[in-house]
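So you can see what is in the structure, the chains are spelled out below.
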Amino acid sequence: MKLLAPSLRLAIVLLGTTAIVSTFFDAATRATINPFNFFGFFTMQSNIIVVIVLAISVFVSFSGRHQSLRLVLARGCATTYIVITGFVYNLLLAGLEGGVSLAWANSVIG
């Protein structure tokens, strides 16, 4: 039971990383990528922050160390960012033309 939360976080890290990388390469096959444009959206930024913070949290948990208050605060901030992204996507943007052409990645990222 002690490894359940770190294992779920690891699954989210792997899924998020796969979705971000897949989206990047899918967009690169359709047009030239402008990194400032691709990574400039809050959706991508919040997903990257979640992946990084949860990866650090997984590393700390599996190494047996205690999670610092800063890491807990960073996890809380990352959670807030991704919840905002999810609300905006699902309430305002879902079903509109454009966006990510990979449906599964769009669901993960948005």
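Residues numbered from 1 in each chain as written. Predicted model: local features only at pLDDT ≥ 70, side-chain atom pairs only at ≥ 80, totals over all residues. Heavy atoms only, no water.

Asker: So what's going on with the pattern of salt bridges? Which residues, and what values?
Answerer: Scanning the model with the defined rule gives one salt bridge in all. Here Arg30 and Asp26 are joined by a salt bridge, their closest N and O atoms 3.2 Å apart. Placement of both Arg30 and Asp26 in helix 1 (residues 4–30) is noted, with a separation of four residues, approximately one turn of the helix. Residue Arg30 is classed as exposed on the basis of its relative accessible area of 52%. The class of Asp26 is buried, set by a relative accessible area of 15%. (Salt bridge = Lys/Arg side-chain N within 4 Å of Asp/Glu carboxyl O. Helix = DSSP H or I, 4+ residues; strand = E, 2+ residues; numbered from the N terminus. Buried < 20%, exposed > 50% of the residue type's maximum accessible area, 1.4 Å probe, protein only.)

Asker: So what's going on with the packing of helix 3 (residues 42–62) against helix 4 (residues 69–93)? Which residues, and what values?
Answerer: Helix 4 packs onto helix 3 with a crossing angle of 150 degrees between their chain directions and a minimal axis gap of 9 Å. One element, helix 3, and the other, helix 4, form an angle in the roughly antiparallel class. With respect to the hand of their crossing, helix 3 and helix 4 are arranged in left-handed fashion. For the pair helix 3 and helix 4, contact is made by Phe42, Thr43, Ser46, Asn47, Ile49, Val50, Val53, Leu54, Ile56, Ser57 and Val60 and by Leu71, Ala74, Arg75, Ala78, Tyr81, Ile82, Ile84 and Thr85, respectively. The residue makeup of the contact of helix 3 with helix 4, split by class, is 13 nonpolar, five polar and one charged. (Axes fitted to C-alpha atoms, helices over the stretch in contact; angles between N-to-C directions. Parallel < 35°, antiparallel > 145°, perpendicular 65-115°, else oblique. Left-handed = near helix turned anticlockwise from the far one by under 90°. Contact = heavy atoms within 4.5 Å. Nonpolar A, V, L, I, M, F, W, Y, C, P; charged D, E, K, R; others polar.)

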